Each structure stands twice: as C-alpha cells, then as structure tokens.
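# Geometric and topological summary
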Amino acid sequence: QIPKDPTQRWLRQLAALSQQLQQVHPNVLAKILKQRTVYQNEEIVVIDKPYGLPVHGGPGIKNCIADVLPILAKMLWNMKAEPLHLCHRLDKETTGVMVLARSKEAADKIRLLFKTRQVEKIYWAVVLGDPDPVEGIVEIPIVEKEVQSHQSHYKMTLAPNYRLRAEDGRVMRIRKNRNAEGAVTRYRRLASASACSLLELQPITGVKHQIRVHLAYGLGCPILGDHKYSHWSKLAPQKLPELTLRRLKLEQSKARHLPLHLHAYRLHLPLGQPLDFVCKLPLFFQKTLRKLELDIPKD
C-alpha cells in the first residue's frame, strides 16, 4: 500500500531502501559502492556511504560494507586485487565521506592519522532547537551505560568531571569515571528555522556516538531522527515540535520513520600531499532543509 501523502511516501521509500540494501546480493552491493566512489589512488578509495548501510556485521545484519570489500576491490581493479581495508567507521544511519585503504600498510598509516587526531572531519546535522551559545566546544567525557527500563538496553551517555553543588550552585569536581573516554566536539550553527537548526560539527576525538550524545545530552539539541538519543530512559520515537511537524507535513505518530540527519560532509586527510574530500548532502537531507526552510550557506 503506497501512502498518498508525499512525505509518508518519501519516508517509506527511504526505509525500503535500507531494507533493500540488506536483501541484495553482495555483488550488487559492491556495484552500488563502486558507483559511489568519489576518489581513488594507489593507496586509498573514498566512497560516499549510503544511508542505512552498516559498516560492520552483527545480529540480524545480512549485508555490510566490511563483507563486500574483497568484491569491491576486484570490481575497481582486477580479479587479483587484494581486499580493501576499513580505516574508520560511520554509524549505519550516517551518510557521507568514508575512506578505505588498498593495503594493510596504508590502512595502518591512516588509522594512526585518525588516532593522533590529524584527520579533520566535518559533519552537518539538522538538530531540534537552537544551541546556546550558537558556537562553541562540548568537552564532556562519554561512557556506555545500561538503561534500566521495561526494555533494558545500552546507551552512550555523558560522564562529566564536574557538577553544581546543590547548596550554593558552585562548581565541584567529581571523581572521574574509570571507563569514560575523553570526548571533544566543536560546533557552530549555520542556519535556524522551524524550531530546528543546521549545525556544522567537528569531532576532535572519535568516541562511539560522540556527536549524537554531545548534541542530545550536552547541548539539549538531539539530531532530527535520532530516536535513540532523544530520550534517556525509554526506546521511543522522537517527540517533534508542532512547527517542525507542520513544515515536514508529518504527524507525530509517524515520526518514528524519520531518518537520522547526520552527514559526514568533509574530510581532510594529510596523506603525503593533503587530500580534501567532500560529499554533497543526500537527497532526503536536502528535502528536509527545503521543507524546514533552513538555508544552506554558500561556500
């Protein structure tokens, strides 16, 4: 049954696309990634990662990028080509610039660049609300915790080193959580409208779900379509402001179909000569910006 409403149709198509990527033959998936290759040389291949495709395998995952790297290498060069190597990861729902290496040596070299924070990564995200201040740095450690609710699950969350004292509101240092990882995200607002903002983000560190956690729990501005980090104690669809729903022509009961609006927009890799890669926003992201009247800044 095809929904009459164009927004519903568009969301349904996106969900279907994600499912199709799980159903297709690995050769077809490799072909899709080949078509999405934005750059290649003797050391690396850069792809524009599609929405809804996991990087690694896991329970219930039939297809992932890691599994088709040997096929992709053969398609790009020849049957004797050695498999490509992963250098970093993006969440299943995140789109955009992803670097693969042609050899183990190149992969080790690039992973070290990521580890030593020499790779500059720029993301774009649509978030609910308006960050205050509109530009700044979130520097709060992150830890994984089990959420005790009717459906127990794990989430990344903040593990701050400071808190306000109840008696007088003074800042107090608290004991550091042993398992927490230091996390730093730079952000700035590019546009705001319809109770949402378009942000440019630069994660300085690379902790799991860092951008999502820092925006939702650190700034109180969860990413549009981030149903996991819009609440702490429950697994439920994101609650959207009235104005946002109206502009998106969406009912709150259908909000669960909204995709995560997080895109790896640019990556600067100092590999020999510095390399700069840009992946333009996916179609669904562009449509959302138009509906919310968030103006993309001209470079």
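Predicted model only: the values in this text are computed from it and were never measured.

How each quantity is defined
Residues numbered from 1 in each chain as written. Predicted model: local features only at pLDDT ≥ 70, side-chain atom pairs only at ≥ 80, totals over all residues. Heavy atoms only, no water. Helix = DSSP H or I, 4+ residues; strand = E, 2+ residues; numbered from the N terminus. UniProt positions renumbered as here; feature names shortened; annotations may be inferred. Patch = residues over 30% accessible without salt bridge, like charges linked within 9 Å, V, L, I, M, F, W, Y side chains within 5 Å. Areas by Shrake-Rupley, 256 points an atom, 1.4 Å probe, with all protein chains shown as cover. Salt bridge = Lys/Arg side-chain N within 4 Å of Asp/Glu carboxyl O. Expected span 1.5 Å × (residues − 1). Buried < 20%, exposed > 50% of the residue type's maximum accessible area, 1.4 Å probe, protein only. Contact = heavy atoms within 4.5 Å.

### Re unusual backbone geometry
Cis peptide bonds are those with omega within 30 degrees of zero, and the linkage from Asp132 to Pro133 qualifies with 5°. Here Pro133 lies in the loop between strand E5 (120-128) and strand E6 (135-139).

### Side note on the UniProt feature "domain: Pseudouridine synthase RsuA/RluA-like" (unreviewed entry) in the chain
UniProt tags residues 44-216 as "domain: Pseudouridine synthase RsuA/RluA-like" (unreviewed entry). Here residues 44-216 runs as 18% helix and 38% strand, with 34 Å between its end C-alpha atoms.

### Looking at a nonpolar patch on the surface
Together, Tyr162, Leu164 and Val171 give the surface a local cluster of nonpolar side chains, amounting to about 340 Å² of exposed area. Mapping Tyr162 onto the fold places it in strand E9 (residues 162-164).

### Observations concerning helix H1 (residues 6-23)
Taking 1.5 Å per residue as the helical rise, H1 with its 18 residues ought to reach 26 Å, and the 25 Å between its terminal C-alpha atoms agrees with that figure. For H1, the full list of buried residues reads Thr7, Gln8, Trp10, Leu11, Leu14, Ser18, Leu21 and Gln22. Contact partners of the buried residues in H1: helix H2 (26-35), helix H6 (242-248) and helix H7 (283-292).

### Some thoughts on the pattern of salt bridges
Scanning the entire structure with this criterion turns up 14 salt bridges. The salt bridge involving Arg247 is made with Glu293; its shortest N-O contact spans 3.7 Å. Pair noted here: Arg247 is in helix H6 and Glu293 is in the segment after H7, with a separation of 46 residues, a long-range link. The exposure class of Arg247 is partly exposed, given its relative accessible area of 28%.

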